[in-house]
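Residue strings, one per chain:
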Amino acid sequence: MLVYGPDFFANTALPTALDMVQRLPGFTLDVGNGDARGIAGNTGNVLIDGKPPASKTDGLGEILRRISAGSVARIELIRGGAPGIDMQGRAVIANVVLKRTAATEKLINYQSYVYRDGYVGPDVTLQYARRDGDRRDEVSLEVISDRTSGTAQGNRVRRDAAGNLLVRQTLDLWDRDRTAILRSTIQRTAGGGLLTVNGRFDYLDYPTSFTATSVEGSGDNTRATDITHQWKGELGANWTRALGQKSEVEVIGLQRLGHLGYDSDTLVGDFASTFGQQSRTGESILRTILRHKTNPKLSFEGGGEIAYNFLDNRTTYTEEGAPVALPDEKVFVSEVRGELFWLARWQPSAPVTLEAGLRTEMSRIRSDGDTQRSRSFFYPKPRVQLTLRPNARDQIRLRAEQSVSQLDFTNFVAATEINLGTVRAGNGDLRPEQTLTLEAVVEHRFWGKGALELGAKHEATRHVIDYIPLEGGFDAIGNIGTGTRDTLSSTLTLPFDKLGIKDARFRGNAEVVRSHVTDPLTGARRRYTNEVPFTCSGSFSQDLFGGRFTYGVYGSCGQPATSLYRIAEYRSTAIEPSFEVYGIWKPSKRLTIRLDASSLNNPARIYDRDVYTGERNAAPLAYRERRVQRRGQYLYVQIRRAL
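Residues numbered from 1 in each chain as written. Predicted model: local features only at pLDDT ≥ 70, side-chain atom pairs only at ≥ 80, totals over all residues. Heavy atoms only, no water.

Check the secondary structure of the chain and you find 3 helices and 38 strands. Whereas a compact globule of 643 residues would reach a radius of gyration of roughly 26 Å, the chain reaches 26 Å, a difference of no more than 12%. Viewed in the frame of its principal axes, the chain has a C-alpha envelope of about 75 × 55 × 45 Å. In the chain, buried positions account for 49% of the 643 residues. At a minimum sequence separation of 6, the contacts of the chain that also span at least 24 residues come to 64%. (Helix = DSSP H or I, 4+ residues; strand = E, 2+ residues; numbered from the N terminus. Rg over C-alpha atoms; globule rule 2.2 N^0.38 Å. Buried < 20%, exposed > 50% of the residue type's maximum accessible area, 1.4 Å probe, protein only. Contact = heavy atoms within 4.5 Å.)

Okay, here's the thing in structure tokens:
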């Protein structure tokens, strides 16, 4: 375990626990997947006082952003496991330990994006927090009125199979994100233990539009508009209690409910189509964990989780005012899932830690749509990890694990893409992916604040999920067979103190991915859909004036072309490299001001499509299309004031 206390962050202007976690050498924040069902492994790689958040909707990044740096006593970086710590199935965890002294914090946080066309997207948060030992009361209200990368300008060109111009169009994309979020947390001693209750309510209003205007050739103008209204609420509780000196029990309960309404209208020339969707969702979870530390070298934990999830979805699709039937346009999908798990952690000597565990997942998924389908699954998921520490600076982690993906309920129902005019059918015959993972990671610490990590991973997957053809000319998400994926990764934190630049550092990462799967139409070997073959990024930052000012530059290599293989078309998406600069000024302990200049080179997103008259392995090419979009440069301004 590595401990980063106040001295490590003393000469910085970092205002929040999120900024502090992102500064940890050799650590990459993973906020988890709040949309995944269940709790295990979905809450990210950061703990608060040794426990994962009792909320899923409230993302880990949002939770850390609301914790002021002054409230943090220290951050522990746990590598390879530690007794009494829920590693969430991960090899490395950061544990943010809060101060226990009595303190009240009233905070207003104003942040805004300022765009090149003069639009200002404000985000205002009012926050109250009171902490006193184990007692904690927090409430916050956040209101947002902003846009996303969905607002952009560009052009679209279509050519026939011989390369002749069919049409050239200008593109205007617009969106607005209006959101209100109410959050609260109460923590008290109860029943001989510690009880934490979290609540959250969200409301979203999200309209968008897409306009394509022909400037050359003979093509129809296109106008597509849609609007999403969504609300969702969550209530979660986490209760822990010590059972003697060596044992502890933890119980987590969670209830989520939500509703989504979506309507879109598309006009291509004189041809009009509409798509509507109404969805209700819910999730109920109960999870219990029992931990026991036999001695300093051996510890056990085990427990179970049971969850019920549902999606009640209704879709409608019309062309020229006439209804068009879609497969599974009205579907009720439900899942009852249970999991039993146990884990043993043994440290026979200081340089060696062995962790072995088994999770067994049992689930029953029922889909009531055009036909009634009900299937049950049982999957054992073993995991073994060996951690070796040949010396104080080096660590080697070896992992073998069998995992099972979750089925996305939205793949059971029909969906549309308004800007492309495509419709995807639903499919209730999906099976989850099963993956065997073999991974090796070598970590080296140097110069006090430096770290280098090299990793290699091999994944062998059965029932790979991708697009499959359906009767009636539609396609849907389905299973296409077996596949493999190999990943080489590296991360580097390089401090510059020994190079003569005080309180400066470089952080960089790179990843190369190669995957292979058999295409269901052509029978040829190809990459996974949407697989990014190479990624990299790097940043340089420096703290000045005793921590009152921090500046930095950040660059991303962009994204090489990824591929998507639909039944009647092939797509690729590429993103150009991007650059940004930022500065953080802390004129007083209570006030922090941050300014980011982003997308300085105005990088383009490039979308290519080959559209066929039928199945792409047999039908002739109808046209090729290239779409180029640019968001434009923008500023980010944050003013964080403690009252």
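Quick look at a nonpolar patch on the surface now. Residues Leu 126, Tyr 128, Val 139, Leu 141, Val 143, Leu 182, Phe 201, Tyr 203, Trp 231 and Leu 257 make up a contiguous nonpolar surface patch of about 880 Å² in total accessible area. Every element with two or more residues in the nonpolar patch is listed here: strand E6 (120-132), strand E7 (135-146) and strand E11 (193-217). In terms of residues, the nonpolar patch owes the most to one element, E7, which gives 3 residues. Among the secondary structure elements, Trp 231 is positioned in strand E12 (residues 222-243). (Patch = residues over 30% accessible without salt bridge, like charges linked within 9 Å, V, L, I, M, F, W, Y side chains within 5 Å. Areas by Shrake-Rupley, 256 points an atom, 1.4 Å probe, with all protein chains shown as cover. Salt bridge = Lys/Arg side-chain N within 4 Å of Asp/Glu carboxyl O.)

On to the sheet that holds strand E3 (residues 72-79), then. Judged by pairing direction, the sheet is mixed, and its 4 strands sit side by side in the order E1-E3-E4-E2 without closing on themselves. Both outer strands of the open sheet, strand E1 (2-4) and strand E2 (46-48), are each paired with one neighbouring strand and no more. The average undirected angle you get between the axes of adjacent strands in this sheet is 20°. Sheet topology places E2 next to strand E4 (residues 92-98); 3 bridges connect them, and they run parallel. Paired with Val 46 across the strands is Ala 94, a residue of E4. (Pairing = 2+ DSSP bridges. Axes fitted to C-alpha atoms, helices over the stretch in contact; angles between N-to-C directions.)

If the charged atoms of two oppositely charged side chains come close together, the side chains can form a pair. In total, this model carries 51 salt bridges according to the counting rule given. Measuring nitrogen to oxygen at the nearest pair gives 2.7 Å for the salt bridge that ties Lys 381 to Glu 361. In this pair, Lys 381 is assigned in strand E19 (residues 372-388) and Glu 361 in strand E18 (residues 352-368), connecting sequence segments 20 residues apart. Each of the two residues, Lys 381 as well as Glu 361, counts as buried. Arg 624 is paired through a salt bridge with Asp 610; the nearest N and O atoms lie 3.3 Å apart. With Arg 624 in strand E37 (residues 621-630) and Asp 610 in strand E36 (residues 604-612), this pair connects stretches of sequence that are 14 residues apart. Overall, Asp 610 belongs to the buried group, its relative accessible area being 15%.

Read these as geometric descriptors, not functional statements.
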